Amino acid sequence: MNTPPHLSLRTPSASTPSAGTPSRSRPSRRRMLGLLAAGAAGAVFTGCADDAAPEVTPAAEQIPGGTVPPATGPAPSPPLPVVDGNQALQRLLDGNARFVAERDEDLDEGIARRVAVSKAQHPFATVLGCVDSRVPIELVFDQGLGDLVVVRSAGEALDHSVTGSVEFGVAELHTPLLVVLGHQRCGALDATIKALDSRRRTAEAGELGYIVDTLAPAVRQVAGKAGDRLTNAVHANVDLVLARLRQSPVIGPLEKSGKVKLVGAYYELDTGKVTVR
Ligand SMILES: [Zn+2]
C-alpha cells in the first residue's frame, strides 16, 4: 500500500545546512592506546558488563601480520575515566564539541580499537535517537567502536523492541548514562503534525501509522503553545519518552539507585550542536 503523502516520514522541506562531515582518516586516541595494551582502554571504564575482561595482549600481536598501521601526528590526550553518568555526559558533550568544530580526532574505528573491543564491550552511554540520516549518533558525539549503545527509531518512538533495547544498554551493558536525543526539524514529528491536522486515519498507513499514533501525544501536548510548533513537539516528545522509560521496571529502579542518569537532549541540524535539556 502506498503511503499517503501526509504520513511521509521525510524531512520537512526547510533548508538544512550541512552539520559538517568529519574526516575519518586521522589516527585515533585509542589506536595509540591499543598499541600499548588493548586492556588499557577498557580499564578506564567502570560500570562495565560482567563478561570477559578485555584482552591484555598487545593489539599489534593480534592483527594478521602482527602490525598496526603507524599513527601519524600528535596523540590526543587519553579520555577521562567514566565512572558515573555525569562524567559520561561530559564525555559525550566534549565529543559533540569536537564534532561541531570538526576536530574529530578522537573518533575511533581503527584496527587496534576493533581488536580491543572484539572480546568484550564496555560502552559508557546508551543513546536513543531518531533514524534521521543527518543525526548519526556516533558521529554527532565523536565516539568510536564500543563506546555507545545506540538505539534508533523514527522520532524516538517507543515500542517493546525499542524499550527493550534501551533496557539492554543500561541493565546488561551497564551504561551509567541514558540519553534521549530529539532533533531539529524531525520528519517523524512533522508527519505526525500533518496527520493530525488532516484528521486522516493513520491505521491504514501500515506501521507508519503506529509511529504517528505513538508520537501524537507530544503534538497534542503543544497545541496552542507559543513558538514553533514542530520544535515544541520535538521537546515535548523527548520529555514523554523519558517519562515512559522511567516507568520501565528495569530503568526506573536503576535511575532511583543512582546507577543510571537519564538525560533529554536536542540536536540542532544547523550547527551540529547538542544541548542538554
Ligand atoms: Zn527525526
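Residues numbered from 1 in each chain as written. Predicted model: local features only at pLDDT ≥ 70, side-chain atom pairs only at ≥ 80, totals over all residues. Heavy atoms only, no water.

A few words now on the side chain of asparagine 237. Structurally, the position occupied by asparagine 237 is in helix H10 (residues 229-246). The buried category is assigned to asparagine 237, whose relative accessible area is 3%. Side-chain polar atoms of asparagine 237 contact the backbone oxygen of glycine 155, separated by 2.7 Å. Within polar-contact distance, the side chain of asparagine 237 engages the side chain of glutamate 156 at 3.3 Å. Residues in contact with asparagine 237, not counting those within four places in the same chain, are Gly155, Glu156, Leu189, Leu215 and Ala218. (Helix = DSSP H or I, 4+ residues; strand = E, 2+ residues; numbered from the N terminus. Buried < 20%, exposed > 50% of the residue type's maximum accessible area, 1.4 Å probe, protein only. Polar contact = N/O pair within 3.5 Å; in protein donor to acceptor, adjacent residues only side chain to side chain. Contact = heavy atoms within 4.5 Å.)

Moving on, we come to the coordination of the zinc ion. A four-donor tetrahedral metal ideally has 109.5 degree angles, and a six-donor octahedral metal ideally has angles of 90 or 180 degrees. Summarising the metal site, the zinc ion is bound by the protein donors Cys130 (SG), His183 (NE2) and Cys186 (SG), whose distances to it range over 2.0 to 2.3 Å. Read N to C, the donor residues that coordinate the zinc ion are spaced as C-x52-H-x2-C. One end of the pair, cysteine 130, is in the loop between strand E1 (125-129) and helix H6 (137-140); the other, cysteine 186, is in the loop between strand E3 (177-183) and helix H8 (187-198), with 56 residues separating them in the sequence. Owing to a relative accessible area of 4%, cysteine 130 belongs among the buried residues under this scheme. Judged by relative accessible area, which is 1%, cysteine 186 ranks as buried. (Donors = N, O, S within 2.8 Å, 3.2 Å for Na, K, Ca; no water.)

As a further point, take the side chain of serine 153. Within the secondary structure, serine 153 sits in the loop between strand E2 (148-152) and helix H7 (160-172). For serine 153, a relative accessible area of 11% translates into the label buried. Once residues within four sequence positions are removed from consideration, serine 153 is found in contact with Leu128, Gly129, Cys130, Val131 and Val162.

Another point: H7. Turning to H7, its buried residues are Val162, Thr163, Val166, Glu167, Gly169 and Val170. Seen end-on, H7 carries its buried residues on one side only, within an arc spanning 155 degrees. The outward face of H7, more than 90 degrees from its buried face, is lined by the exposed residues His160 and Ser161. Contacts made by the buried residues of H7 are with E1, E2, E3, H10 and helix H11 (251-256). (Arc of directions from axis to C-beta.)

Turning to the pairing of E1, a few remarks are in order. For a regular strand, side chains alternate in direction, first toward one face of the sheet and then toward the other. Burial runs high along E1: five of the five residues are buried. Where burial is concerned, the two faces of E1 agree: the one with Ala125, Val127 and Gly129 and the one with Thr126 and Leu128 are both buried. Bridge count for E1 against E2 is five bridges, and the pairing is parallel. Bridging across to E2, leucine 128 finds its partner in valine 151. Pairing analysis gives four bridges linking E1 to E3, with the strands arranged parallel. In the strand pairing of E3, valine 127 is matched with valine 179. (Pairing = 2+ DSSP bridges.)

Let us now look at the sheet that holds E3. The pairing of strands in a sheet comes from backbone hydrogen bonds and takes either a parallel or an antiparallel form. Taking strand neighbours across the sheet as the criterion, the five strands line up as E2-E1-E3-E4-E5 in an open arrangement whose pairing is mixed. Two strands lie at the open edges of the sheet, namely E2 and strand E5 (274-276), each paired on one side alone. Between one strand axis and the next, the sheet turns by 25 degrees as a mean value, whatever way the strands run. Sheet topology places strand E4 (residues 261-267) next to E5; three bridges connect them, and they run antiparallel. Following the sheet pairing, alanine 265 is matched in E5 by valine 276. (Axes fitted to C-alpha atoms, helices over the stretch in contact; angles between N-to-C directions.)

It is worth stressing that arrangement in space is one thing and function is another; only the former is reported here.
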